[in-house]
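Topology and contacts: notes
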Amino acid sequence: MRYTSSGASTGKMKAYSIDLREKIVQAYEQGDTSVRKVASRFGVAKSFVQKLLLMKKNEGHVKPKPQGGLMKGELDGCEVKIAAMVEKYPDATLLEYCEYWGMNYNHWVSTSTMCRALQKLTLTLKKRRYAAAKGRRKESKISEVSIGSKSNR
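Throughout what follows, the structure given in this document is the object of discussion. (Residues numbered from 1 in each chain as written. Predicted model: local features only at pLDDT ≥ 70, side-chain atom pairs only at ≥ 80, totals over all residues. Heavy atoms only, no water.)

**A few points about the state of the cysteines**
Disulfides are covalent bonds that connect the sulfur atoms of two cysteines. Applicable threshold: Note on disulfides: each one is a pair of cysteine sulfur atoms within 2.5 Å. Partly exposed describes any residue whose relative accessible area lies between the buried limit of under 20% and the exposed limit of over 50%, with all areas from a 1.4 Å probe on protein chains only and scaled to the type maximum.
Taken as a whole and judged by the stated rule, the model has zero disulfides. The cysteine cysteine 98 is free of any disulfide, with cysteine 115 supplying the nearest cysteine sulfur at 9.4 Å. Of the residues examined, cysteine 98 reaches a relative accessible area of 4% and is grouped as buried. For cysteine 115, a relative accessible area of 25% translates into the label partly exposed.

This is how it looks when you write it as structure tokens:
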């Protein structure tokens, strides 16, 4: 007999029922059997049986613990501060925003974290470095032309 716990409609795995969990523990506690044999009999992993036995011993029950939950971002709840920072420094790069955040709020974050927070708020990031680099290229072409013209004299 194999028990399944898939939740086809939700796409998430459901916890094994309390009834099944109790049957597994009872089968082991009746004696004359091993964890592996109990796992094989009920079609579950050996580690699951071990977990249930430990849970029964420590907590006195085999109820499943709450699953998952919403992953919160590191900067959740700081939307107003982030918007104010972007308004104050609209040309800043991600790295500069991270440095500003760390210096002002003593909470250092990665550029990836800052980028996700800005995307969540649909705040665009100005590409100042690209514009500055583009401008430097023009200057370098001009200087190359002027250098070339000086050598032609």
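**Digging into helix H4 (residues 79-88)**
Our working definition: Helix numbering and strand numbering both begin at the N terminus, where a helix is a DSSP run of H or I of at least 4 residues and a strand a DSSP run of E of at least 2. The directions considered for the arc run from the helix axis to the C-beta atoms.
Taken together, the buried positions of H4 are Ile82, Met85 and Val86. Axial view of H4: buried residues confined to an arc of 95 degrees, hence all on one face. Exposed side of H4, more than 90 degrees from the buried face: Val80, Glu87 and Lys88 are the residues found there.

**Considering the packing of aromatic side chains**
Note the threshold: Each aromatic pair joins two rings of Phe, Tyr and Trp (for Trp, the six-membered one) with centres within 6.5 Å, and gets the label stacked for planes under 30 degrees apart, edge-to-face for over 60, and tilted for any other angle.
For the coordinates displayed, the defined rule picks out three aromatic pairs. Note on tryptophan 101 and tyrosine 105: the rings are 4.4 Å apart at their centroids and 45 degrees apart in plane angle, and the pair reads as tilted. Of this pair, tryptophan 101 and tyrosine 105 both sit in helix H5 (residues 94-105), four residues apart, which is roughly one turn of that helix. By relative accessible area, tryptophan 101 is classed as buried at 1%.

**Observations regarding the environment of glutamate 87**
Within the element layout of this structure, glutamate 87 appears in helix H4. When the C-alpha atoms of glutamate 87 and leucine 123 are compared, they prove to be 9.7 Å apart, with 36 residues separating the residues in sequence.

**Section: the nonpolar core**
What counts, and what does not: By convention a nonpolar core is built from buried Ala, Val, Leu, Ile, Met, Phe, Trp, Tyr and Cys residues, the set being connected through side-chain atoms within 4.5 Å.
Grouped together as the largest cluster of nonpolar side chains are 15 residues, with contacts concentrated most on Leu75, Ile82, Met85, Tyr97, Trp101, Met114 and Leu118. Listed by contribution, the elements that provide at least two residues to this core are H4, H5 and helix H6 (111-120). Core analysis: the second largest hydrophobic core is formed by 14 residues, Ile24, Val25, Val35 and Ala39 among them.

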